[in-house]
Amino acid sequence: MSLKAVDGILSSLKSCQTDLGTGMDIVTDVAMDLAEAQDEEMNPGIKEMEAMILECAKLDREINYFVDIVQQATAEVTPQQPEAMFSLSAKVKERFAERIAQLSDADLNNHQKVAAFKDSINNSLQQANQEPAESMEELDEDIAVTQSQVNFTCPLTQVEMRNPMKNKKCNHHYDEEAILSLIKTRHSQKKKCRCPVVGCGNGDVKESDLIPDQILRRRIQNQKRQSSKT
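Residues numbered from 1 in each chain as written. Predicted model: local features only at pLDDT ≥ 70, side-chain atom pairs only at ≥ 80, totals over all residues. Heavy atoms only, no water.

### Brief notes about the overall build of the chain
Looking only at helices and strands, the chain has seven helices and three strands in total. When the helices and strands of the chain are placed in sequence order, the string is α-α-α-α-α-β-β-α-β-α. In the chain, which comprises 230 residues, the proportion classed as buried is 32%. Residue pairs in contact within the chain that sit at least 24 positions apart in sequence constitute 67% of those at least 6 positions apart. Entry remark: accessible area of the chain is about 14300 Å², with carbon and sulfur atoms responsible for 51%. (Helix = DSSP H or I, 4+ residues; strand = E, 2+ residues; numbered from the N terminus. Buried < 20%, exposed > 50% of the residue type's maximum accessible area, 1.4 Å probe, protein only. Contact = heavy atoms within 4.5 Å. Areas by Shrake-Rupley, 256 points an atom, 1.4 Å probe, with all protein chains shown as cover.)

Here you go:
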């Protein structure tokens, strides 16, 4: 197998990760619908979806480690030692098995998508458990007010966010692609990434501080639907 073929395989794996992330977002959306339905019979379904999210997070983590190990192994192959390609497969398998053996399923709770799932479900359940006397019309009015108060614009792009990410430290939101690009650029310059929201004192935004805000994403989508009806 050539290094070019290896690069092609890694590229395919990364595409799979993108699809995996999309699937996890869909599962989270469905689980939020169940939580908002306030139906006790739905609770087992939410638990099953949480298990699905954890399995997806586990697969995502393994793909990350596999790609990292393959890239390290191929970097050790030099033009002066092309025969090293013959032992590449065995080397990758050995290193991957060692890495996986060191992992703990408990760490999956720190996965970005898992944290977002739990945060979204908790918020949805709190909303569903509001006073029973509150009518649906009143609830719709509250949601409308909340939407009008929330700024859906990314502080970086100045356009409406597509995939809002919440900073756990300062609670500010940014579009996923924009903030990750800024973090990468600052790190390449050997600098810390400051929160782009004016007046925020958070001077070190890290990727590990960010979680997808599924509820805000749904509000943005709901506002779009309402706008299209008017």
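### Examining helix H7 (residues 214–229)
Residues spaced three or four apart along an α-helix point in a common direction, a consequence of the helix completing one turn every 3.6 residues. With 16 residues, H7 should reach 22 Å at 1.5 Å per residue; the first-to-last C-alpha distance of 23 Å fits that figure. Within the span of H7, buried status applies to Gln214, Ile215, Leu216, Arg217, Arg218 and Ile220. Structurally, the start of H7 carries an N-cap: the backbone nitrogen of Ile215 is 3.3 Å from a side-chain oxygen of Asp213. (Expected span 1.5 Å × (residues − 1). Polar contact = N/O pair within 3.5 Å; in protein donor to acceptor, adjacent residues only side chain to side chain.)

### Concerning unusual backbone geometry
Residue Asn171 is not a glycine yet carries a positive backbone phi of 65 degrees. With respect to the helices and strands, Asn171 occurs in the loop between strand S1 (164–167) and strand S2 (173–175). Even without being glycine, Lys190 reaches a positive phi, approximately 60 degrees. In this fold, Lys190 is placed in the loop between helix H6 (176–188) and strand S3 (210–212).

### Quick word on the sheet that holds S2
Read from one edge of the open sheet, three strands run S2-S1-S3, paired in antiparallel fashion. Strands at the two margins of the open sheet, each flanked by one partner only, are S2 and S3. When strand polarity is set aside, the average angle formed by the axes of neighbouring strands in this sheet is 35 degrees. Alignment of S1 against S2, held across three bridges, turns out to be antiparallel. The partner of Pro164 across the bridge, within S2, is Asp175. (Pairing = 2+ DSSP bridges. Axes fitted to C-alpha atoms, helices over the stretch in contact; angles between N-to-C directions.)

### With respect to the packing of aromatic side chains
Each aromatic ring pair is characterised by the separation of its centres together with the angle its planes make. Tallied over the entire structure, the rule returns one aromatic pair. Note on Phe66 and Phe96: the rings are 5.6 Å apart at their centroids and 90 degrees apart in plane angle, and the pair reads as edge-to-face. Of this pair, Phe66 sits in helix H2 (residues 43–75) while Phe96 sits in helix H3 (residues 88–101), and the two are 30 residues apart along the sequence. Owing to a relative accessible area of 27%, Phe66 belongs among the partly exposed residues under this scheme. Under the relative-accessibility criterion, Phe96 is labelled partly exposed at 21%. (Phe/Tyr/Trp six-rings, centres within 6.5 Å; stacked < 30°, edge-to-face > 60°.)

### Side note on the pattern of salt bridges
Pairing between side chains becomes possible if they bear opposite charge and their charged atoms approach one another. In total, this model carries 10 salt bridges according to the counting rule given. A network of salt bridges, in which partner residues are shared, links Asp29, Asp33, Arg217 and Arg218. (Salt bridge = Lys/Arg side-chain N within 4 Å of Asp/Glu carboxyl O.)

### Notes on the packing of helix H1 (residues 3–36) against H2
Interaxial distance between H1 and H2 falls to 10 Å at its minimum, and their mutual angle equals 165 degrees. The orientation of H1 relative to H2 falls into the category roughly antiparallel. As for the relative orientation of H1 and H2, their crossing is left-handed in sense. For the contact of H1 with H2, a count of residues per class yields 22 nonpolar, six polar and two charged. (Parallel < 35°, antiparallel > 145°, perpendicular 65-115°, else oblique. Left-handed = near helix turned anticlockwise from the far one by under 90°. Nonpolar A, V, L, I, M, F, W, Y, C, P; charged D, E, K, R; others polar.)

### Topic: the pairing of S1
The antiparallel pairing of S1 with S2 creates a hairpin that spans five residues between the two strands, and Asn171 there sits at a positive phi of about 65 degrees. Pairing analysis gives three bridges linking S1 to S3, with the strands arranged antiparallel. Bridging across to S3, Asn167 finds its partner in Leu210.

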